[in-house]
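The primary structure of each chain is shown beneath.
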Amino acid sequence: MEGPGRIVTDSMIGIRLPDYARYTSRVAFVLGQNPTMFTGPGTNTYLVGLGRRPLLLDTGAGVAVYPELLARGLVELSGSREIDKIVATHGHPDHIGGVRQVREKFGHLEVLKKPWPERDTAAGAAPITAIEPDALIFAEGATLQAVSTPGHAPDHLCYYLPEERALFTGDVVLGAGTTVIPEDSGDLAQYMDSLRRLLELDVETIYPAHGPVIRNPKQKIREYIAHRELRENQVLDTLRQGPLEVMAIVKKIYTDVPEFLHQAAAMSVRSHLRKLLNESAVVEHQGRWALR
Ligand SMILES: [Zn+2]
């Protein structure tokens, strides 16, 4: 199935965000205008920096109205018509799908991200400038420090803004809903490590790629970790009763979730089973899973 489009659960439905807004002297936001069941109100794109040439963090999905909105937001929020460069959290199309149209409107801007060559090319974001975890990126009066956070996507970087003890979390921590671990390229064990890495940072505010700003970062990250640990324990408990297929596990665990969401739940259960398989805690035989 198409992984990257499915970013969050249905709890994002109904959240409303403005088209653009200024949060602090260094951080403003423009909505990507790509609302779906799985991206909530759409992707948050951020303008970072004090001056008249802020950098743009993520670009949305490539929706036609976005570049005009970005231009209008820039004038109103920064008194500016220029962008310094583009920085991306990861190669999913709702984050770098807008690179081409932003370049058409603002000139051939540099795009900084950790490489994921096939996805970067497929989304029309190539060429990119490769950066690695711990890289420092500078805008006027603002520094972004890249933080290694694979798991949702193999190339995922979060960005820490030390001047405001703020963290841009991309799709690792969301303003609402739960991050999806895609079947094809996600890795739940890496994702858990990424969350624990974020917990070590001195963070006051989280700016997620979907949904509202998070003002209780430590609590939110701990909730994310606890939620996954609970699910893992539920999967193990269920298998104590004997070998089961994935959908049977889903039906036992997700008793409070409507049936039309069981396919999405199955993807989450499979991510847990893959993690447990790698840890030699479970085995799989002909589609049935069992404790080892
Ligand atoms: Zn994503």
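Procedures and definitions
Residues numbered from 1 in each chain as written. Predicted model: local features only at pLDDT ≥ 70, side-chain atom pairs only at ≥ 80, totals over all residues. Heavy atoms only, no water. Buried < 20%, exposed > 50% of the residue type's maximum accessible area, 1.4 Å probe, protein only. Helix = DSSP H or I, 4+ residues; strand = E, 2+ residues; numbered from the N terminus. Pairing = 2+ DSSP bridges. Donors = N, O, S within 2.8 Å, 3.2 Å for Na, K, Ca; no water. Tetrahedral: all angles 85-135°; square planar, octahedral: opposite > 155°, others 65-115°. Polar contact = N/O pair within 3.5 Å; in protein donor to acceptor, adjacent residues only side chain to side chain. Contact = heavy atoms within 4.5 Å. Salt bridge = Lys/Arg side-chain N within 4 Å of Asp/Glu carboxyl O. Core = buried A, V, L, I, M, F, W, Y, C linked by side-chain atoms within 4.5 Å. Phe/Tyr/Trp six-rings, centres within 6.5 Å; stacked < 30°, edge-to-face > 60°. Axes fitted to C-alpha atoms, helices over the stretch in contact; angles between N-to-C directions. Parallel < 35°, antiparallel > 145°, perpendicular 65-115°, else oblique. Nonpolar A, V, L, I, M, F, W, Y, C, P; charged D, E, K, R; others polar.

Examining the pairing of strand S3 (residues 44-48)
Among the five residues that make up S3, five are buried, leaving the element largely enclosed by the rest of the structure. Side chains of S3 alternate between two faces, with Asn44, Tyr46 and Val48 and Thr45 and Leu47 buried alike. Of the strand pairs in this sheet, strand S2 (residues 27-31) and S3 are connected by five bridges, and their pairing is antiparallel. By the bridge assignment, valine 30 is partnered in S3 with threonine 45.

Looking at the coordination of the zinc ion
Those protein atoms acting as donors to the zinc ion are His90 (NE2), His92 (ND1), His152 (NE2) and Asp171 (OD), and they sit at 2.1 to 2.2 Å. One can describe the site at the zinc ion as irregular: its four donor atoms subtend angles covering 92 to 171° at the metal. Within one chain, the residues donating to the zinc ion are spaced in sequence as H-x1-H-x59-H-x18-D. Taken together, the residues histidine 92 in the loop between strand S5 (86-87) and helix H2 (93-96) and aspartate 171 in the loop between strand S11 (166-170) and helix H5 (188-199) connect sequence positions 79 residues apart. Across the pair, aspartate 171 and histidine 92 agree in class, each one buried.

A word on the side chain of threonine 169
Within the secondary structure, threonine 169 sits in strand S11. Among the polar contacts made by the side chain of threonine 169, one reaches the main-chain carbonyl oxygen of valine 173 at a distance of 2.8 Å. Excluding its chain neighbours within four sequence positions, the residues that come into contact with threonine 169 are His156, Cys158, Leu198, Ile206, Tyr207 and Pro208.

Focus on the pairing of strand S9 (residues 142-148)
Taken across its seven residues, S9 has five buried, putting it largely inside the fold. Pairing of strand S8 (residues 136-139) with S9 involves four bridges; the strand directions are antiparallel. Looking across to S9, one finds that phenylalanine 138 is bridged to threonine 143. Taking the residues between adjacent antiparallel strands as the criterion, S8 and S9 are bridged by two residues, where glycine 141 takes a positive phi near 70°. Two strands pair when backbone bridges link them, and S9 and strand S10 (residues 157-161) are joined in this way by four bridges, in the antiparallel orientation. Across the sheet, residue valine 147 finds its bridge partner in S10, namely cysteine 158.

Looking at the pattern of salt bridges
Side chains carrying opposite charge are able to pair once their charged atoms draw close together. Scanning all chains against the criterion turns up 17 salt bridges. Ionic contacts of the salt-bridge type, sharing partners, join the residues Arg53, Glu82, Asp84 and Lys85 into one network.

Topic: the nonpolar core
Tyr159 and Phe168 are the most contacted members of the largest nonpolar core, which has 25 residues in total. The set of elements that each furnish at least two residues to this core consists of S2, S3, strand S4 (55-57), S8, S9, S10 and S11. Here phenylalanine 168 is in contact with Val27, Tyr46, Val48, Leu57, Leu144, Cys158, Tyr159, Leu161 and Tyr207, once residues within four sequence places are set aside.

Considering unusual backbone geometry
Along the chain, alanine 126 connects to proline 127 via a cis peptide bond; the corresponding omega equals 0°. Turning to its location among the elements, proline 127 is positioned in the loop between helix H4 (117-122) and strand S7 (129-130). Even without glycine at this site, aspartate 134 takes up a positive phi of about 80°. Among the structural elements, aspartate 134 can be located in the loop between S7 and S8. Backbone geometry at arginine 165 places phi at a positive 45°, although glycine is not the residue there. Considering the arrangement of structural elements, one finds arginine 165 in the loop between S10 and S11.

Things to note about the packing of aromatic side chains
Within the structure shown, the criterion is met by six aromatic pairs. When the ring of tyrosine 23 is compared with that of phenylalanine 29, the centres are 5.7 Å apart and the planes differ by 25°; the resulting orientation is stacked. Given the relative accessible area of 0%, phenylalanine 29 is considered buried. Taken together, a centroid distance of 5.2 Å and an interplanar angle of 25° make the contact between phenylalanine 168 and tyrosine 207 stacked. Separated by 39 residues along the polypeptide, phenylalanine 168 in strand S11 and tyrosine 207 in strand S12 (residues 205-208) bring together distant segments of the chain. For the pair formed by phenylalanine 168 and tyrosine 207, the shared burial category is buried. Of the aromatic side chains, those joined through ring pairs into one cluster are Tyr23, Phe29, Tyr46, Phe168 and Tyr207.

Observations concerning the packing of H5 against helix H8 (residues 262-278)
When two helices pack together, you describe them by how their axes are tilted relative to each other and by the distance separating the axes. Between H5 and H8, the shortest axis-to-axis distance is 8 Å and the interhelical angle comes to 90°. Looking at the two axes, H5 sits roughly perpendicular to H8. Counting all contacts with H5, which are made through Leu188, Ala189 and Met192, the residues of H8 involved are Ser271, His272 and Lys275. A breakdown of the residues in the contact of H5 with H8 according to their chemical character gives three nonpolar, two polar and one charged.

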